[in-house]
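Structural overview for review
The lines below spell out each chain.
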Amino acid sequence: MKAGQKILLDGKLNDPDWIRCTAATNFLQSYPSEKSKASFETIVKVLYDDENIYIGAVCNNPGNKILVQNLKRDFIYDENELFAVLLDPFQDVQNPIPQFAVTPYSSQRDLLIYDDRVFDVNWDAVWKAKSFITDSTWSTEIAIPWSSIRYPSDSTTWGINFNRNIRSKFEFTGWSIWPMAYSAGRMAYAGLVTNLHPPKGKSNIRLQPYTLLNVSKLTGKETSTKFQPGGEVKWLLNTNTSLEGTINTDFAQADVDRQVVNLNRSSVFFPERRQFFLDNANLFSVGRNGIIQPFFSRRIGLDDNGNPLKINGGLRFIHQTGKQALGALLINQKDKDTTTNSWFGVIRGQKNIGATGRFGSMVTFRHDEKTRLTNTVVTFDGFIRPTPPFYIRPMISASLPYGAAKTGFAVFNELGYIKNNVQFNWFQTVVTKDYNAEAGFLARTDFINTRPEFTLNFRKHWLNDRINYFKQQIKIDMYHRATDFKFQEASISFAPFWVTFNNGAGFAFGLDSYIQSLQGIFSPVPTIAIAPGNYTYFRPFIDFYSNQGAKYSANGSFTWGKFYNGNLSTYDVTLRMVPVTKIATGIRLTYNRFSGFEPNKKTINTYLIAPEIRASLNPKIHLTGFYQYNTVTNLGGLNLRFAWEYKPLSFVYLVFNNTKTLDKKLVTTPVNDNTGVIKISYIKQL
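Residues numbered from 1 in each chain as written. Predicted model: local features only at pLDDT ≥ 70, side-chain atom pairs only at ≥ 80, totals over all residues. Heavy atoms only, no water.

When its secondary structure is counted, the protein chain shows two helices and 40 strands. By the compact-globule yardstick of 26 Å for 686 residues, the protein chain fits well, its C-alpha radius of gyration being 26 Å. If one aligns the C-alpha atoms of the protein chain with their principal axes, the spans along those axes are about 80 × 65 × 50 Å. Residue pairs in contact within the protein chain that sit at least 24 positions apart in sequence constitute 57% of those at least 6 positions apart. With an accessible surface of roughly 31,000 Å², the protein chain has 59% of that area assigned to carbon and sulfur atoms. Separation of charge centres in the protein chain, based on 76 positive and 55 negative side chains, amounts to 2 Å. (Helix = DSSP H or I, 4+ residues; strand = E, 2+ residues; numbered from the N terminus. Rg over C-alpha atoms; globule rule 2.2 N^0.38 Å. Contact = heavy atoms within 4.5 Å. Areas by Shrake-Rupley, 256 points an atom, 1.4 Å probe, with all protein chains shown as cover. Lys, Arg positive; Asp, Glu negative; His and termini not counted. Charge placed at Lys NZ, Arg CZ, Asp CG, Glu CD.)

Below, the discussion takes up the packing of aromatic side chains. All chains considered together, the criterion is met by 40 aromatic pairs. Considering the side-chain rings of phenylalanine 544 and phenylalanine 558, the 5.8 Å spacing of their centres and the 55 degrees angle between planes classify their relative orientation as tilted. A residue pair is termed long-range when its members are at least 10 positions apart, and phenylalanine 544 in strand S30 (residues 533–545) and phenylalanine 558 in strand S31 (residues 552–559) qualify at 14 residues. Seen from their ring centres, tyrosine 571 and tyrosine 591 are 5.9 Å apart, and the 15 degrees between their planes marks the pair as stacked. With tyrosine 571 in strand S33 (residues 566–580) and tyrosine 591 in strand S34 (residues 583–595), this pair connects stretches of sequence that are 20 residues apart. In this structure tyrosine 571 comes out as partly exposed when scored by relative accessible area, which is 36%. In this structure tyrosine 591 comes out as buried when scored by relative accessible area, which is 18%. Members of the aromatic cluster, joined through ring pairs, are Tyr514, Phe522, Tyr535, Tyr537, Phe563, Tyr564, Phe594 and Phe597. Lysine 12 extends its terminal NZ or CZ atom over the ring of phenylalanine 132, reaching a point 4.9 Å from the ring centre. Directly above the aromatic system of tyrosine 479 lies the positively charged group of arginine 444, at a separation of 3.7 Å from the ring centroid. (Phe/Tyr/Trp six-rings, centres within 6.5 Å; stacked < 30°, edge-to-face > 60°. Buried < 20%, exposed > 50% of the residue type's maximum accessible area, 1.4 Å probe, protein only. Lys NZ or Arg CZ within 6 Å of the ring centre and 35° of its normal.)

Next comes the structure, spelled out in structure tokens:
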């Protein structure tokens, strides 16, 4: 229904238009008891005017038990009480589906869902929400500008669905219910909203300038002070097409990487955290995260150790309709020696085939001015869902010859089958010796990886009343060398006993078995060197997680037993405390105890300790502190960040970082680097 007057966003739904509006009710459970009536009633209404589409919800909540972990934006979905709306303007399940979610404390979360398989929580749109809590209900109003949504011209009927997490009961409910094995993003099960009349798409410009002051004192150098203006501009030619530019791109406010102790033989995969590269990232995401990606944006603006390099500027073009998608990205980076530049580029195309198929192609390149060489990679990929539970995701990629490099090839495919009681995935990857994606990511070179996974999920009718489900799972992970098919390593992880409880807690135990064939020395930590040879060993494990929506929660994993030619016990535990919603604290401890390794068989202990705290005045003002103490790298790292979102997606940031050597006796040049940043960004829609 079109609103007759301006809607006051206060979360109370007492405007005359809300009172006259037809309501959607009768929510059902998706989990834990599919199609059963929701424990508490939810009432939803939809309005629109020339500027926004509005969604209002009244969530009955007897006892007023609300579980919300913190007030951060893009909160964790299944740990919080929330209401959400999903929109499918094109009524095409192959399009990315936007979801807008809000908690009873007005915290916002927005994301794009691709194929009900990939969830891009880093997507940010301009929208507003306000919630209001009473003794027995909480209600919310959401206002989404038409300019934040892609939709076809002259559209009047959209696919739509609503979902609510009743977190005190660990219950996930929806208006037009979907099978438990899927998420609300499976819009084939959604309903419709009719009689919409959005404005015709028009060209508009969004400016996002920023100013930054950076003060740094690095080891062995004088204090440096740098003032830098920069920013981004986004020209929305229509609701389907955008052209973006960036200059002096800076990511001083981005979250720091979480350190890890890498005990396997593959490279560590660190996710992208920089907002410019996170926008529309899934259009360019091909392959499998952590194994092979022909294009990976972290190769831009960061050196091999993760230290920032200057980004001079770049352009990005995006065009997405209900039938196809096109994208292009061009970035210029100042090289580490500061005398030359490098260029990174990617061109991407996708085409929908029928109702459930999609094929795409991509070309990526990196050109280094210093060497005058260009690395080019050509990739073809697809996604096919012949039946609702079954999908296929193939990819073939080739790096073209340049300089002394030869042509290399990579092949990847995923088979997936997902139903309520069974889930099966088979990942197959082949990467030849000469495959080189300098703008991408490879966990290894010259390898064949075979990884099938199988999970059974049983209902609780024959179990204790406090238990929701009983699972069994097996995973196999094998590596061979692609050049000669020589075996490298294999592991089998079997969890015969895995239970989930009514409040979301769970417990599992099982056995990991390993076969290792080392062709060279392997050092899981600097003080241990494992000699080449063949090794077979077994490691029991216990995993547990308490109710993650509660004020006090814990999760952890314990493994022990043989490790190559010695012994290793690993304890990884995270504790979280939320005494009040505005204060959230936690600490993660990873402890490794190595013993019995040749030649001296000394006992070696490593620690990774990471405490953090978030203090929030409201959903727009946050102070966070995060510290990492890692004895493996002999470094401690402190990150303090104040963030104020003074208007939607416009921020003031104050950031301080310190990296310091823990034990100066172990290094010849101790490190003590300090940086402080003040950054102000602003969004203006023209």
